Structure formats: structure tokens, C-alpha cells
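# Coordinates in review
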Amino acid sequence: MLGYFGRRLLYVVVTLWAISIAAFVIINLPPGDYVSTLIANAQAGGEGLTPAEIVNLRLRYGLDDPIFVQYWRWITAILLHGDFGQSFAWNQPVATLIGERVALSAILSISSLLMVWAIAFPIGIYSAVKQYSWGDYGFSFLGFIGMAVPEFMLALVLMYIGFRFFGASVGGLFSPEFQDAAWNLGKVLDLMGHLWVPILVIGVSGTAGMIRVTRANLLDELYRPYVHTARAKGLPEWKLLLKYPVRMSLSPFFSTVGWLLPGLIGGETIVSVVMSLPTGGPLLLSGVMSQDMYLVGSFIMILSTLTVVGTVVSDLALAWWDPRIRKRYKRE
Amino acid sequence: MPEDDVLLEIEDLRTHFLLDDGVVCAVDGVDLRVRKGETLAIVGESGCGKSVMARSILRLVDPPGQIEGGRITLHREDGPVELVGADKRLLRQVRWRDIAMVFQEPMASLSLVHTIGSQIVEAVRLHENVGKAEARERAIDMLDRVGIPKPRRRVDAYPFELSGGMRQRAMIAMALSCRPSLLIADEPTTALDVTTQAQILELLRDLQAEFGMAIMMITHDLGVAAQVADRMAVMYLGRVVEYGAAEQVLSAPRHPYAQALLRSMPRLGRASRTRLAAIKGMVPPPFARPAGCTFHPRCDSAMTGRCDTVTPSRIPVGDREVSCLLYDDEQEERP
Ligand SMILES: Nc1ncnc2c1ncn2[C@@H]1O[C@H](COP(=O)(O)OP(=O)(O)O)[C@@H](O)[C@H]1O
Ligand code: SF4
Ligand SMILES: [Mg+2]
């Protein structure tokens, strides 16, 4: 087991290293460098920099050093100090910029995920067990609508309804009076009042999809002989359903659960843009559009890292869930 | 044969599948009796309704299958209970405690994500008021009795860690863990190789001597039936066509279908070059059962005008029951 995951960890490190190089290359791709951008900005602001200042800056940022030295400095700053560099467009450290949004992104993603699971699992199980019943048809119908309606449209409709009938500003995550206020109970409540709309918007299509997946996976298991055995043993119906086929049908779920990690930071860009939510997605989008390379490169680094870590998490989760996988790892 | 020996009595059992294209009468009027402590073999070509019949006993038929009628009476120590109309509570009680089942695919019929031990413990604790530790000891004891080596270690093994034969032994251990009075074994050896098959059959015989349960052995293999059966029922298209003592049915079958089935099977001791006679014609499609005797399109002795109109009923022939119009007269001639 440890041998398997030891090897796994080595692959992860190598992959992450390759990703960091790619990110670094991307950062250095546009013509010009950090200092030339600074000069341009300063000139645009009407205050030119003296040549001495420029030389100083170039020295300070080590821009004339060999490229691998620059890479080393960049990656060690990230690893040792969490310093991802400076955003040109925002004139702030990238770490601060992203950090501000991570919490909200994560709250949003996790809440909508919980909503998806809480609704989709019971309905999916019901639909499979009562296949072709009126209930199943009804949920399938609603599910297809949920999948077919684009998120941005649902967002716009909900915002319109909120504005028109409740007079609420449903865009963003805070009312204007709390926007820059320090955290207190009022601000938390205000956040709750705003959060349900994006949670609903993001959750609807996810729920619809999850219902289909849960139903299909469970239908695969429901009529297997081991279910007959469990029934023949005299177990009550609901208990045997949960203990045997439902448990088996969750294996695919556990094998993909780690893939949700990158979504915690970068997901739901379109909804966030439409509803002007201060999450990670729009930040990445704006960074790409303004060639804010440290921002974009850092995003790529973080998202890729989360993806790689997510795969490992999935494998661990599946091994924990399914003894067949666990035993295979042990043998390897 | 005194009637108070009867453990399970099936009368006119009908289980149908209501499909979009029509109704499949998988079990269409089965009459059977299983006596205490004896082995009844149910034989017949595959598709004749053996499994559906067996599942109907414990009401385990999945939709669109449905028991359309009949009575299944189980004679328990404390009196008879009827299973077709039984409520859920009674049914759950009868399942495994009175009647346990072993299925064809030991790999598929055990849960692969639960240990063998936990699956046996679950069965025991479901029906008996015993603690975890005691149930676990029982599981280990049962694994030992079915001949699984190192039961104390194997109890924590998962089914996929055992060989096919060992898995089926574990399944049998689980089936007998609550000391049922009837064990239904649906093709328990079909998925196994010949050597393992012989071992499992021998094991079942030994366990029957030890525990005294009756066995309903479902098989399409007359060889298997010959090895274990005290009594035998031959099924064709959802009906029992001949029912009687195993050696009598095997040595001198009365029903034309039973005769044809025996001719079509290789027999021990018979020269291997002897040609096997295939049963003529084909099994009719499930939606269109022939009228009259369902075997008449394939029967060499069919009487035109009679076999294709009159449905034969169970006719006592000696101490057997045969559903064939050829024996109708014998009954009428009897005083
Ligand atoms: N789930 C099902 N849906 C429709 N028909 C079925 C189903 N299961 C069994 N049958 C029908 O019941 C008949 C008997 O099946 P089965 O009892 O499995 O045969 P056996 O066990 O004797 O090989 C088959 O011919 C088949 O047409
Ligand atoms: S009833 Fe007629 S057709 Fe059917 S088995 Fe007997 S002789 Fe053959
Ligand atoms: Mg069968």
C-alpha cells in the first residue's frame, strides 16, 4: 500500500514540476517583462522613471539573470513564502488577490455541491428503485429541463425576479452597505441572503446530471444476484438497498470525487461573471484578457496542482471505499 | 408416504412476466411437494422456469415478474404458513431462517465489498438474538464445517480473495448458518469445474446428514440430479410433467418429455460412442405456448385431436405423478 502510494507521490512531484515549468514559460511568453510594464505604467501616469531607477528595478527583480536562475527564484518564492509575484493589472500581490477569492469560491462550490448531493442522491435512488413509475418520469422530466437550461439564463431570470418582485440587488455576494464592512453577524446574514441564488443556479444543472448518474449506476446494480441474496436473507427492503446496491453504485462517485477540487477555486466562471460574484473564475478571465501574466501563471499552477492532488484524493477515496481496489494496491 | 412428512407444498403456482410484447408464463401451474430432510431435484432444459419457480417460493421474483396465483405452504414446527399471500414480516422471518438459498454464481451472489464473515454474521443476527462475538464464532464454525481451511482467517476475507469452489462453500455456510429446514440450491455447481462440482455435491450430502435439512436441487444436469436426488421433478415450459422417486424416474421415465430428456443426456457407463438423441423440434417461443399439452408439437406419441386441445392434469401412475394424456385411461380404469 505504502509502496504504491510512495510511487504515486513521486509521479505527482514530477508532474507538478513539469507544470511549474509550463507555467513559468507562459508567464515569460509575452514580449517585455515586469519592469518594462512598470515603466510603461509610470509613463502613462505622467511620471517617468530615471535610468538609475530602472537599473535598480531590473537588478532587484533579477531580470538580467539567466532564465533558470529566474525560474529558481520564482518557484522558491512560491514554495517557501507563498509569494506568487505581482499582478500588473491590480498592482497587488497575486497571492493576496487569489486568497481573497478562494474562501468565497470554496463556500459557493461546497454549498452547491452539498445541495446537489442532498437532492440528487435520494431522488436518484428513488428513480432507480421505482423505475418507470410516475415519480421517476416526473423527476426525469424536471431533470432534463434542469440540464437543458443554460446557467447564465437561469441566473439572469432569477436576478430579474429578485429585482422586480423583491427589490433586492441579487448580483454580487453583498449588499452595497456591507460591501466593504468588516465581518459581523449582519454581513454573514447578508451573504446568506445573496448566496442562495448562485448556489441554486450552479446546483440546478449539477443536480439534474447527478440524478441521471445516480439512477443509471444504481440500475446497474439493482438486479444483481447479491441483491437477491441479501433479500433472501430477510433484510428489510430499504436497509438492503442502502447496504448493498447503493453502496456498490457509489464506487464511480468516489473515483471522481477528487476532481471537484479545482472547481473549488476556478469553477463557475460564467455564472460568476453574469452575477458579478467575486470568485476565482472572473479573476482568471480578466487576467487572461489583460495579459496579467503572473496572475494567469499562478492560476494555472494552482489549478493544475489541485487537479493532480484531486486525482490522488480520488484514488485514496476509492481505496477506502472499495476493498477490491484496496487489496490491489496492497499487492502492488 | 405419509403426508405429515411434507415440508413444503406448492399448488398450482403461476408466475408470469408482464412484458410490453405480451405475457411470459414462466411458471404455469406447478405442483410440487418437498418432504422433510429429503433431496428433491428439479430438472429440465434451461428456460423451463426452474429458477423463477424457486424464486417464487421466497417471493424474490423481480418485476415485471409477478406471482399470479397458487399456494405455497410451508409446514413449520409451529404450524403451516402460506407464503404467496404472506405479509412482509412473516416473509422476512421465513427467509433464511426456514428457507435459505444458494445461487449459481458464487462470485455474483456474494457482496464483493463485505467480508464473508460480516455477511454470515448479518444473517445470523437478523434471525437470532445473539451478540456480535457469538455470531462471529458461529460464522467461523460454519466456515469450518463447509471445509474452508483456516476459517479463523478466512472469516475476514473478501469473496474475491477466494477461489470459485471456496466461494460456493462460503455461500453454503451462510445459507446453513440459521439452520433452515429447506435449502434451495439453484444450479449451485454449474459455474464450477467438474472436480469442484463433485466436491460441492458431496459436501451438500454430508451437511444434509449433519443438519437434516431438505434440499431442493435445481439443475439442468441429469447427472447431478442422479447423484443427489431422493425424488425428482421434471419441468417443461413452466410445469412439472413428471414427479416421483429419483431412481424410478431416471430408470423408467413415463412422460414422453422425460423420456426424451433422458435419451438426450450422456449417461455414466454408457459407451461414449452411443449417439445421443436430441429432442426433436424447438422450445416454442415464450409468448406462444402451444394449446393443450404444451409438449405436443415435439412429442412422438402425440394424439391428434386430443393432445392439442386437452390440457393434461396430474395423473398418479404407480407412486408417481405424470402430466400426460397417455396415462389418462389408467386413472379412469382404477376402481
Ligand atoms: N426478467 C425476466 N423477464 C422476462 N422473462 C423472464 C425473466 N426471467 C425469466 N423469464 C422467462 O422465464 C422463463 C424461465 O426462466 P428461468 O426460470 O430462469 O429458467 P431456468 O432456470 O429453468 O433456466 C424463461 O424462458 C424466460 O423467458
Ligand atoms: S399429453 Fe400428448 S403430447 Fe403431451 S406428452 Fe402426453 S402424449 Fe405427448
Ligand atoms: Mg436457472
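Fair warning: this is a prediction, and the values are worked out from it, not measured in the lab. (Residues numbered from 1 in each chain as written. Chains lettered and ligands numbered in written order. Predicted model: local features only at pLDDT ≥ 70, side-chain atom pairs only at ≥ 80, totals over all residues. Heavy atoms only, no water.)

## Digging into the site of ligand 2
- As a structural note, the neighbourhood of ligand 2 is formed by His255, Pro256, Cys293, Phe295, His296, Cys299, Ser301, Ala302, Cys307, Cys324, Leu325 and Leu326 of chain B.
- Here the residues of the shell around ligand 2 sort into nine nonpolar, three polar and no charged. (Near = heavy atom within 4 Å. Nonpolar A, V, L, I, M, F, W, Y, C, P; charged D, E, K, R; others polar.)

## Concerning the packing of helix H5 (residues 94–129) of chain A against helix H8 (residues 185–222) of chain A
All names here are of chain A.
- Interhelical geometry of H5 versus H8 gives an angle of 35° and a closest axis separation of 5 Å. Relative to H8, the crossing made by H5 is right-handed.
- In terms of residue class, the contact of H5 with H8 is built from 25 nonpolar, eight polar and one charged. (Axes fitted to C-alpha atoms, helices over the stretch in contact; angles between N-to-C directions. Helix = DSSP H or I, 4+ residues; strand = E, 2+ residues; numbered from the N terminus. Left-handed = near helix turned anticlockwise from the far one by under 90°.)

## Considerations on the pairing of strand E8 (residues 214–219) of chain B
Residue and element names in this part refer to chain B.
- With respect to burial, E8 is a largely interior element, six of its six residues being buried.
- By the alternation rule, side chains of E8 split into Ala214, Met216 and Ile218 and Ile215, Met217 and Thr219, which are all buried.
- In terms of strand pairing, strand E3 (residues 39–43) meets E8 through five bridges, oriented parallel. Paired with Leu40 across the strands is Met216, a residue of E8.
- Across five bridges, strand E7 (residues 182–186) lies against E8 in parallel orientation. Within the sheet, the bridge partner assigned to Ile184 lies in E8 and is Met216.
- Handedness of the crossover joining E7 and E8 through helix H8 (residues 194–211): right-handed. (Buried < 20%, exposed > 50% of the residue type's maximum accessible area, 1.4 Å probe, protein only. Pairing = 2+ DSSP bridges. Right-handed = clockwise from strand over helix to strand, strands pointing away.)

## Considering the packing of aromatic side chains
All names here are of chain A.
- Inspection of the entire model under this criterion finds 16 aromatic pairs over all chains.
- Arranged with centres 5.3 Å apart and planes meeting at 45°, the rings of Phe24 and Trp74 form a pair that is tilted. Remark: Trp74 occurs in helix H4 (residues 67–81) and Phe24 occurs in helix H1 (residues 2–27); sequence separation between them is 50 residues.
- A relative accessible area of 6% places Trp74 in the buried class.
- Here Trp320 and Trp321 contribute two aromatic rings whose centre-to-centre distance is 5.9 Å and whose plane-to-plane angle is 45°, an arrangement assigned as tilted.
- Assessed through its relative accessible area of 59%, Trp320 is described here as exposed.
- Relative accessible area serves as the criterion here: at 14%, Trp321 is assigned to the buried category.
- Grouping aromatic residues by their ring pairs yields a cluster made of Trp117, Phe121, Phe253, Phe254, Trp320 and Trp321.
- Over the face of the ring belonging to Trp321 we find Arg247, whose NZ or CZ atom lies 4.4 Å from the ring centre. (Phe/Tyr/Trp six-rings, centres within 6.5 Å; stacked < 30°, edge-to-face > 60°. Lys NZ or Arg CZ within 6 Å of the ring centre and 35° of its normal.)

## A short note on the sheet that holds strand E1 (residues 6–19) of chain B
Residues and elements named next belong to chain B.
- Judged by pairing direction, the sheet is antiparallel, and its four strands sit side by side in the order E2-E1-E4-E5 without closing on themselves. With partners counted over all chains shown, the strands left at the sheet margins are strand E2 (22–35) and strand E5 (79–82), one partner each. Direction aside, neighbouring strands of the sheet carry axes that sit 5° apart on average.
- Bridge count for E1 against strand E4 (residues 65–76) is eight bridges, and the pairing is antiparallel. The partner of Phe17 across the bridge, within E4, is Gly65.

## A word on the domain arrangement of chain A
Residues and elements named next belong to chain A.
- Domain annotation of chain A identifies domain 1 (2–88) and domain 2 (94–331).
- Contact with domain 1, which involves 20 residues of that partner, is made by 20 residues of domain 2.
- For the pairing of domain 1 and domain 2, the buried interface totals around 2000 Å² over both sides, and the portion due to carbon and sulfur atoms is 78%.
- When the area that domain 1 buries against domain 2 is broken down by residue, the three leading residues are Phe5, Ile27 and Phe84, summing to 28%.
- There are one salt bridge connecting domain 1 and domain 2.
- The salt bridge involving Arg8 is made with Asp315; its shortest N-O contact spans 2.0 Å.
- Summed over the shared surface of domain 1 and domain 2, the result is four residue pairs in polar contact (both at pLDDT 80 or more).
- Going through the elements one at a time, H1, H4 and strand E1 (86–87) are the ones with two or more residues in the side of domain 1 that touches domain 2.
- Among the residues making up the side of domain 1 that touches domain 2, the classes are represented as 13 nonpolar, six polar and one charged. (Domains from an automatic or database assignment. Contact = heavy atoms within 4.5 Å. Buried area = accessible area lost by both parts, 1.4 Å probe. Salt bridge = Lys/Arg side-chain N within 4 Å of Asp/Glu carboxyl O. Polar contact = N/O pair within 3.5 Å; in protein donor to acceptor, adjacent residues only side chain to side chain.)

## A closer look at the confidence of the model for chain A
- Summarising the model, chain A shows a mean pLDDT of 84, and 94% of its residues fall at 70 or more.
- Across chain A, the secondary-structure element scoring lowest on mean pLDDT is helix H2 (residues 34–44) of chain A, at 72, and the one scoring highest is helix H9 (residues 225–232) of chain A, at 94. (pLDDT = per-residue confidence, 0-100.)

## A few points about the pairing of E3 of chain B
Residues and elements named next belong to chain B.
- Among the five residues of E3, five are classified as buried, and the element is accordingly described as predominantly covered.
- Of the pairings in the sheet, the one linking E3 to strand E9 (residues 231–236) comprises four bridges and is parallel in character. Looking at E9, one finds that Leu40 is bridged to Arg231.

## A few points about the UniProt feature "transmembrane region" (unreviewed entry) in chain A
- UniProt marks residues 9–29, 102–129, 141–163, 195–214, 253–275 and 295–321 of chain A with the feature "transmembrane region" (unreviewed entry), using the numbering shown here.
- The span residues 295–321 of chain A shows a helical share of 100% and a strand share of 0%, and its end C-alpha atoms are spaced 38 Å apart. (UniProt positions renumbered as here; feature names shortened; annotations may be inferred.)

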